[in-house]
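So you can see what is in the structure, the chains are spelled out below.
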Amino acid sequence: MSSVVAAAAPVAAAASLSPRTRLLLEGPVARTLLRLAAPNVLVMVLQAAVSTLDAVFVGWLGSAALAGVSIVFPLVMLMQTMSAGGMGGGVASAVARALGAGRRADADALVIHAVVIALAMGGAFTLTLELAGPALYHAMGGTDEVLAAAVAYSRVLFGGAIAYWLFNILSSAIRGSGNMALPASVMVATGLLYLVLSPALILGWGPLPRLGIAGAATASVLSFALGSLVLLGFLCSGRSLVRPALRGQGLRRRLFWEILRVGAPGSLNTVLTNLTVVVLTALVGPFGATALAGYGLGARLEYLQIPIVFGLGSGLVTMVGTSIGAGDRARAVRVAWVGAAMAAGITGVIGILAAGTRYLTIVGPFYGFFGAGLALYFASQGAGRLLWPLLAGFTRLVTAAVGGWLATRWLGGGLGGIFAAMAAALVVFGIINVAAVRLGAWRARGRRSA
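Residues numbered from 1 in each chain as written. Predicted model: local features only at pLDDT ≥ 70, side-chain atom pairs only at ≥ 80, totals over all residues. Heavy atoms only, no water.

Trainee: Now, about the overall build of the protein: what can you tell me, with residues and values included?
Mentor: Assigned secondary structure in the protein consists of 16 helices and zero strands. Taken across its 450 residues, the protein has 54% of its residues classed as buried. Across the protein, contacts joining residues at least 24 apart in sequence account for 82% of those joining residues at least 6 apart. Total accessible area on the protein is roughly 18,200 Å²; 72% of this is exposed by carbon and sulfur atoms. (Helix = DSSP H or I, 4+ residues; strand = E, 2+ residues; numbered from the N terminus. Buried < 20%, exposed > 50% of the residue type's maximum accessible area, 1.4 Å probe, protein only. Contact = heavy atoms within 4.5 Å. Areas by Shrake-Rupley, 256 points an atom, 1.4 Å probe, with all protein chains shown as cover.)

The following block contains the structure:
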């Protein structure tokens, strides 16, 4: 009798799957992945444009204001990547796995648990940077007017950190259900609203107050707060596949764990990624402004590739997570390889075509390894298996830092040696992630739902 019940369980779960979930499980891999990725890639392009115009708006206030925002920018990027790609990846993965397994009640409850995490993390960013921000910005080189501008901008922006966390976490929950268009549309509207509000609040157009540099931060917080309300409204409507609901069971440690076991390592990985850039910048700095500018161009190109691969990665998290939840590991692995090939192709072409600096000449040809490794990192988020991608990120940091230091101190390689170490770090990062999936890093989960 028990065997009959066990055999019937997958059938019952399959019967409860929505058409969107069935498409993720049964649709053509490449076509479905591209369909999921397209809205996210377009949004990443829009965000790049918004960031550029943001610098223009702040530049109206003078070089001190622009320098102040530049000091705060790495921490803003850390919060955004952590909430969207790190913890957000954990939310999307957990929701996708629950839906793939036919556990709709768990998927609904996961949204509530994700909101609790967003509130806690947003509050932590606000408190930490309110207390430690001024000293940190001073240590990063901010003095006098530049420091004052950085503190003024930071206090408003990180004072509204919860708005960013809610926006990215709610977007991730919706993406985990396979709906990429809605979060992308809201992000576009949020970006356009910011482009209207920012100059108006900076300069005080019409009846609006002239807030100076704080106006740019205020416009950003307001835009993300309104976007969060729209996303929450959609989730609570009858049009969303997942709806925030606990069904009388209260908060559960198991569901927090399903998010955090992917989201916490993912968040740590974003720290490692940013730390790698910081370490390389410190190694290149003694070679002068020209060398630093050349490396800075290459570093920006790598940062540009992360959002592009994130477009594919969001689809990978959802498709892999849904397949793992449904017990179809073979399809999950197939999706991962297709995504990795796409990412390697895109980033490889960028690296080969990029030219103009010594850094890009040495490192650019190896960008394909970076793209493949990054795609498999996202796929591993979907699978709920982040140990090896985290080790790959740590090994990349160590390879770049130790190799660059040895090149300058012992091997006489100079600047070329530092860049060669960075190229080796990208190769190691890609190979570890590829080897982990190829050798069965996901196999241990079997058919157990998560």
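Trainee: Please set out the nonpolar core residue by residue, giving values where relevant.
Mentor: Counting residues in each nonpolar core, the largest one holds 123 residues, and the members touching the most others are Tyr137, Phe158 and Trp442. Ranked by residues supplied to this core, first place goes to helix 4 (residues 63-100) with 16 residues. (Core = buried A, V, L, I, M, F, W, Y, C linked by side-chain atoms within 4.5 Å.)

Trainee: Outline the environment of Gly215, supporting the account with residue identities and numerical values.
Mentor: Topologically, Gly215 is positioned in helix 9 (residues 213-236). Residue Gly215 is classed as buried on the basis of its relative accessible area of 0%. When the C-alpha atoms of Gly215 and Ser198 are compared, they prove to be 6.2 Å apart, with 17 residues separating the residues in sequence. The residues touching Gly215, leaving out its near neighbours within four places in the chain, are Leu201 and Ile202.

Trainee: Which residues make up helix 16 (residues 414-438), and what values go with them?
Mentor: In an α-helix, one full turn covers 3.6 residues, which means residues spaced three or four apart are oriented alike. With 25 residues, helix 16 ought to run about 36 Å at 1.5 Å a step, and its terminal C-alpha atoms sit 36 Å apart, in line with that. Looking one or two residues beyond helix 16, the residue adopting positive phi is Gly440, at roughly 95°. (Expected span 1.5 Å × (residues − 1).)

Trainee: Please provide a residue-by-residue account of helix 10 (residues 253-284), values included.
Mentor: Across its 32 residues, helix 10 extends 46 Å between first and last C-alpha, which sits within 8% of the 46 Å expected from 1.5 Å per residue. Considering bend angle alone, the principal kink of helix 10 is centred on Leu260 and spans about 35°. (Bend = angle between axes of the 7 residues up to and from the residue.)

Trainee: Before we move on, can you summarise the pattern of salt bridges with the specific residues and values?
Mentor: One pass over the structure, following the stated rule, counts seven salt bridges. Taking the shortest distance from any N to any O, the salt bridge between Arg261 and Glu258 comes out at 3.2 Å. A residue pair is termed a helical-turn pair when its members lie 3 or 4 positions apart in one helix, as Arg261 and Glu258 do in helix 10 at three residues. The pair Arg261 / Glu258 is uniform in exposure class, with both members buried. (Salt bridge = Lys/Arg side-chain N within 4 Å of Asp/Glu carboxyl O.)

Trainee: Just give me the short version of the packing of helix 10 against helix 15 (residues 387-409), but keep the residues and values in it.
Mentor: At a minimum axis separation of 9 Å, helix 10 and helix 15 run at an interaxial angle of 10°. Taken together, the axes of helix 10 and helix 15 lie roughly parallel to each other. Packed against helix 10, whose contacting residues are Pro265, Leu268, Asn269, Leu272, Thr273, Leu275, Thr276, Val279, Leu280 and Leu283, the element helix 15 presents Pro389, Leu390, Gly393, Phe394, Arg396, Leu397, Ala400, Ala401, Gly404 and Trp405 at the interface. Among the residues making up the contact of helix 10 with helix 15, the classes are represented as 14 nonpolar, five polar and one charged. (Axes fitted to C-alpha atoms, helices over the stretch in contact; angles between N-to-C directions. Parallel < 35°, antiparallel > 145°, perpendicular 65-115°, else oblique. Nonpolar A, V, L, I, M, F, W, Y, C, P; charged D, E, K, R; others polar.)

Trainee: Now, about the packing of helix 5 (residues 104-139) against helix 10: what can you tell me, with residues and values included?
Mentor: Between helix 5 and helix 10, the least distance of the axes is 9 Å, while the angle of their chain directions is 70°. Taken as axis vectors, helix 5 and helix 10 run roughly perpendicular relative to one another. Side by side, helix 5 and helix 10 meet where Asp106, Ala109, Leu110, His113, Ala114, Val116 and Ile117 of the first sit next to Arg254, Leu255, Phe256, Glu258, Ile259 and Leu260 of the second.

Trainee: Any details on the environment of Gln47? Residues and values, ideally.
Mentor: For Gln47, the location among the structural elements is in helix 3 (residues 29-59). Separated by 140 residues in the primary sequence, Gln47 and Met187 have C-alpha atoms spaced 8.6 Å apart.

Trainee: Which residues make up a nonpolar patch on the surface, and what values go with them?
Mentor: Together, Phe394, Val398, Val402, Trp405, Leu406 and Trp410 make up a nonpolar patch on the protein surface, roughly 600 Å² of accessible area in all. For Val402, the location among the structural elements is in helix 15. (Patch = residues over 30% accessible without salt bridge, like charges linked within 9 Å, V, L, I, M, F, W, Y side chains within 5 Å.)

Trainee: Outline the side chain of Ser154, supporting the account with residue identities and numerical values.
Mentor: Summarising the element assignment, Ser154 is placed in helix 6 (residues 144-159). Setting aside residues up to four positions removed in sequence, Ser154 forms contacts with Val72, Tyr137 and Gly159.

Trainee: With reference to specific residues and values, describe the environment of Ala216.
Mentor: Tracing the backbone through its elements, the reader meets Ala216 in helix 9. Its relative accessible area of 0% is what places Ala216 among the buried residues. Spatially, the C-alpha atoms of Ala216 and Ala200 are 9.0 Å apart, while their sequence positions differ by 16 residues. In this structure Ala216 touches Asp54, Val58, Tyr153, Tyr194, Ser198 and Ile202, once residues within four positions along its chain are discounted.

Trainee: Can you lay out the packing of aromatic side chains for me, pointing to particular residues and giving the numbers?
Mentor: In total, this model carries eight aromatic pairs according to the counting rule given. Among the aromatic residues, those joined into a cluster by ring pairs are Phe125, Phe158 and Trp165. Here the guanidinium or amino end of Arg396 rests over the ring plane of Phe429, the centre of that ring lying 5.9 Å away. (Phe/Tyr/Trp six-rings, centres within 6.5 Å; stacked < 30°, edge-to-face > 60°. Lys NZ or Arg CZ within 6 Å of the ring centre and 35° of its normal.)

Trainee: Which residues make up the confidence of the model for the protein, and what are the values?
Mentor: Summary statistics for the protein give a mean pLDDT of 84 and a share of 90% for residues scoring 70 or more. Counted against residues more than four places away or in other chains, residues 1-13, with its pLDDT under 50, gives three contacts. (pLDDT = per-residue confidence, 0-100.)

Trainee: Give a detailed account of the side chain of Ser198, specifying residues and quantitative values.
Mentor: The residue Ser198 is located in helix 8 (residues 181-203) in this model. Among residues more than four places away in sequence, those in contact with Ser198 are Asp54, Phe57, Ala216 and Ala219.

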